[in-house]
Amino acid sequence: MIEKENLPRHIAVIMDGNGRWAKARGLPRTAGHRAGMDKVKEIVKACGEMDIKVLTLFAFSTENWSRPKKEIDTLMRYFIDSLKRQVDELHKNNVRFRVIGRKEPLPEYLFTKIREAEEKTSGNSGLTLVLALNYGSRQEIVDGVKQFARDVLQRNAALDGMDEEKFGAYLYTAGLPDPDLLIRTSGEMRISNFLLWQASYAELYFSDKCWPDFKKQDLQDAIQEYQHRHRRFGKVKHEKR
């Protein structure tokens, strides 16, 4: 049973395995991406029901631009179609929607729809759904360092005044809690340039299932595993005498 008093506040997911899921069924990779987007709805709903505060999904990395153009174009269409279909339901269910990542070179029409969805749901107080789109954590850190340097040069910040907490305000995730639980599907055991700064003390959970096969029960299994771990944050666990 899941302990309500020990839920991860922020769950981050690397939604991996769409292409392999499709290949195993003799389908094109784009069919796997479509199935993966349909799965998002189920997991978002499950997180809302369990009162998870933040869910961050790694949807498209800065490295993914190296994929075939046809596949990328299809993905971009899927993103905008999903936004059109789901934003009203997200708003109805009190979900706040947010996207992190670089704007360029996302298509302008997609970026416009993203901003519209963010504005429409900005006042909601339930689950915060974060989509990492055209996202890379190393790039995020570099962008943060550059912005801090600009602030120092413009005398809006002091070099000696910087610390870890203040630097977080320069990241794309500013204002969000760090992830407590990071899940990766498809059996791969790496975090692939995803939330490197924020996930420093996250509990990692790897599922052998490809993302389209990852169900609500699998999410609950990951949370139960999280609840059985002792999070020390670098400290020594005190043993009872």
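Everything numeric here is computed off the predicted structure, so don't read it as measured data.

The rules behind the values
- Residues numbered from 1 in each chain as written.
- Predicted model: local features only at pLDDT ≥ 70, side-chain atom pairs only at ≥ 80, totals over all residues.
- Heavy atoms only, no water.
- Core = buried A, V, L, I, M, F, W, Y, C linked by side-chain atoms within 4.5 Å.
- Buried < 20%, exposed > 50% of the residue type's maximum accessible area, 1.4 Å probe, protein only.
- Helix = DSSP H or I, 4+ residues; strand = E, 2+ residues; numbered from the N terminus.
- Contact = heavy atoms within 4.5 Å.
- 1 Å grid on protein atoms, 1.4 Å probe; cavity = no way out; pocket = protein on both sides within 12 Å on 5 of 7 lines; lining within 4 Å.
- Points joined across faces, edges and corners; volume = space filled by probe spheres on them.
- Nonpolar A, V, L, I, M, F, W, Y, C, P; charged D, E, K, R; others polar.
- Pairing = 2+ DSSP bridges.
- Salt bridge = Lys/Arg side-chain N within 4 Å of Asp/Glu carboxyl O.

Caption draft 1: Spotlight on the nonpolar core. Counting 43 residues, the largest nonpolar core has Ile11, Leu55, Leu110, Ile183 and Leu219 as its most contacted members. Looking at which element gives the most residues to this core, the answer is helix H3 (residues 69-92), with nine residues. What Leu110 contacts, discounting residues up to four positions off in sequence, is Met76, Phe79, Ile80, Leu83 and Leu133. Val54, Ala132, Leu176 and Ala199 belong to the second-largest nonpolar core, a separate cluster that totals 15 residues.

Caption draft 2: Spotlight on the layout of surface pockets. Its volume calculated, the second largest pocket comes out at about 450 Å³. Taken together, 19 residues form the lining of the second largest pocket, with Glu164, Glu165, Asp178, Trp197 and Gln198 sitting closest to its centre. Among the residues making up the lining of the second largest pocket, the classes are represented as nine nonpolar, five polar and five charged.

Caption draft 3: Spotlight on the environment of Ser207. For Ser207, the position within the fold is in the loop between strand S6 (203-206) and helix H7 (216-227). For Ser207, a relative accessible area of 9% corresponds to the buried category. What Ser207 contacts, discounting residues up to four positions off in sequence, is Arg184, Thr185, Ser186, Gly187 and Phe214.

Caption draft 4: Quick peek at the pairing of strand S2 (residues 54-61). Extensive coverage of S2 is indicated by the burial of seven of its eight residues. One ladder, built from five bridges, connects strand S1 (residues 10-14) with S2; its direction is parallel. Paired with His10 across the bridge in S2 is Val54. Across seven bridges, the pairing between S2 and strand S4 (residues 128-135) is parallel. Opposite Leu55, over in S4, you have Leu129 as the bridge partner.

Caption draft 5: Structural context of the pattern of salt bridges. Overall, the coordinates contain 22 salt bridges when judged by the stated rule. One salt bridge connects Arg25 with Asp213, and the closest N-O pair in it is separated by 3.5 Å. Residue Arg25 is found in the loop between helix H1 (18-24) and helix H2 (29-49), and its partner Asp213 is found in the loop between S6 and H7; the two are separated by 188 residues along the sequence. Judged by its relative accessible area of 26%, Asp213 is partly exposed. Residue Asp143 is joined to Arg102 by a salt bridge in which the shortest nitrogen-to-oxygen separation is 2.9 Å. A residue pair is termed long-range when its members are at least 10 positions apart, and Asp143 in helix H5 (residues 137-153) and Arg102 in the loop between strand S3 (96-100) and helix H4 (108-121) qualify at 41 residues. Judged by its relative accessible area of 21%, Asp143 falls in the partly exposed class. Classification of Arg102 as partly exposed rests on a relative accessible area of 33%.

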